[in-house]
Amino acid sequence: AVLIQQEHGGWTARLGRPFTPVLSGMGLPTEAVHRDLAVLGRPVERHLAEKAAAALIGIALPPATAFAMSVGGVSWPWAMPVWAALAVGLAGFGVPDLAVRAQAARRRAEFRHALSAYLDLVVICLAGGAGVEAALTYAGAAGSGWSFDQIRKALDAAQLVRQPPWRNLAELGAELGVNELVELAGSVALAGTEGAKVRASLAARAAVVAGTAIP
């Protein structure tokens, strides 16, 4: 599983933290946002607190602006700041989700680049005579960075419970929302343990992943 960093966030997270139980009770965040947060290693509670804080700030901003302008002699109909507060508050509530989606998309693109390199390493290990599981492990140990860390954790977990590593790789791909990793695990499982079949399957999959990764 992806390691979630226990970050408390800044003052916005502290401001919105009292409202997190309410948002959680409403079924937030959505499943898609849950996956994005998992990719970023960001706690759900922190994200909900930031959503609440952004909404509160958005609601308070128009009335505060209207009050400041009234002090300067500019008057507004009472309904205008109210509607503006609702609109800005709603927009602020959605901004953290949009930011998380964009950040997670960039991290998934990085993961696809690393996955392409990982597959190349696996093919090389297989060509050198390693078995399927050994090739997956050796290739994972050869890389560095967040993406390879996640792959190694999945492989280590598979060894601990004595199950085929492609099952854990498929679970990791589903958790991160990286379909290419899920498809890779399926290809390895279908190919069985015959080195030539796996080597050809992974080489083809590496070409596909390299083509879908963002430069």
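Calculation criteria
Residue numbers run consecutively from 1 along every chain, following the written order of its sequence. Residues qualify for local features only when their pLDDT is at least 70, as the model is predicted, and side-chain atom pairs are given and counted only at 80 or more; totals for whole chains, interfaces and linings, by contrast, use all residues. Calculation of side-chain values draws on the structure's entire complement of heavy atoms; hydrogens and water are dropped beforehand. Where helices and strands are cited, they refer to DSSP runs of H or I of at least four residues and of E of at least two residues respectively, numbered from the N terminus. We call a residue buried when its accessible area falls under 20% of the maximum for its residue type, exposed when it is over 50%, and partly exposed in between, using a 1.4 Å probe and counting protein chains only. Ring geometry is summarised as follows: Phe, Tyr and Trp rings, the Trp one being its six-membered ring, pair when their centres sit within 6.5 Å, and such pairs are stacked at plane angles under 30 degrees, edge-to-face over 60 and tilted between the two. Comment: arc refers to directions from the helix axis out to C-beta atoms. Buried residues of nine kinds, namely Ala, Val, Leu, Ile, Met, Phe, Trp, Tyr and Cys, make up a nonpolar core once their side-chain atoms join them within 4.5 Å. In what follows, a contact means two residues having at least one pair of non-hydrogen atoms within 4.5 Å. Here a helix's expected span is defined as the number of its residues, less one, multiplied by 1.5 Å. Here an axis means a line fitted to C-alpha atoms, over the contact stretch when the element is a helix, while the angle between two N-to-C directions is reported on a 0 to 180 degree scale. Note on angle classes: values under 35 degrees are labelled roughly parallel, values over 145 roughly antiparallel, values of 65 to 115 roughly perpendicular, and the remainder oblique. Note on convention: the crossing is left-handed when the near helix lies turned anticlockwise from the far helix by less than a right angle, right-handed when the turn is clockwise.

Undergrad: Lay out the environment of S24 with the relevant residues and their values.
TA: Relative to the helices and strands, S24 resides in helix α2 (residues 20-25). Look at S24 and you get partly exposed, because its relative accessible area is 43%. Residues S24 and E45, spaced 21 residues apart in sequence, show a C-alpha to C-alpha distance of 8.4 Å.

Undergrad: Mind laying out the packing of aromatic side chains, listing which residues take part and the relevant values?
TA: Throughout the structure, instances matching the rule amount to 2 aromatic pairs. Taking 6.0 Å as the distance between ring centres and 75 degrees as the angle between the ring planes, the aromatic pair formed by F111 and W146 counts as edge-to-face. Placement of the pair is F111 in helix α5 (residues 79-127) and W146 in helix α7 (residues 146-161), with a sequence separation of 35 residues. Judged by relative accessible area, F111 falls into the buried class, the value being 1%.

Undergrad: Please give an account of helix α6 (residues 132-142) that cites residues and values.
TA: Residues of α6 that are buried: V132, A135, L136, A139 and G140. End-on view of α6: buried residues confined to an arc of 130 degrees, all on one side of the axis. Facing away from the buried side of α6 by over 90 degrees, the exposed positions are Y138, A141 and A142.

Undergrad: Requested: an account of the nonpolar core, with residues and values cited.
TA: Most often, soluble globular proteins have nonpolar side chains that are buried together. Judged by nonpolar contacts, the single largest core of 34 residues is most densely connected at F111, L115, Y118, L119, V122, L181 and L202. Elements with a contribution of two residues or more to this core: α3 (31-40), α5, α6, α7, α8 (165-176), α9 (179-191) and α10 (195-212). With 10 residues, the top contributor of residues to this core is α5. Excluding its chain neighbours within four sequence positions, the residues that come into contact with L115 are E180, L181, L184 and V209.

Undergrad: Any chance you could break down α7 for me, citing the residues and the numbers?
TA: Relative to the 22 Å expected for 16 residues at 1.5 Å per residue, α7 spans 23 Å between its end C-alpha atoms, a close match to the ideal helical length. Residues of α7 that are buried include every one of S147, F148, Q150, I151, A154, L155 and A158, and no others. Looking straight down α7, one finds its buried side chains confined to an arc of 160 degrees; they lie on one side. The exposed set on the far side of α7, more than 90 degrees from its buried face, consists of Q159 and L160. Looking at the packing, one finds that the buried side of α7 touches α5, α6 and α8. Positive backbone phi, approximately 55 degrees, marks R162, located one or two places after α7.

Undergrad: Mind laying out the packing of helix α4 (residues 44-71) against α5, listing which residues take part and the relevant values?
TA: Closest axis-to-axis distance for the α4/α5 pair is 7 Å, and the angle between their directions is 150 degrees. When the interaxial angle is binned, α4 and α5 end up roughly antiparallel. In the crossing of α4 with α5, the sense of the turn from one axis to the other is right-handed. Two secondary-structure elements touch here, α4 through H47, E50, K51, A54, A55, G58, I59, P62, P63 and A66 and α5 through P81, A84, A85, V88, G89, G92, F93, G94, P96, D97 and V100.

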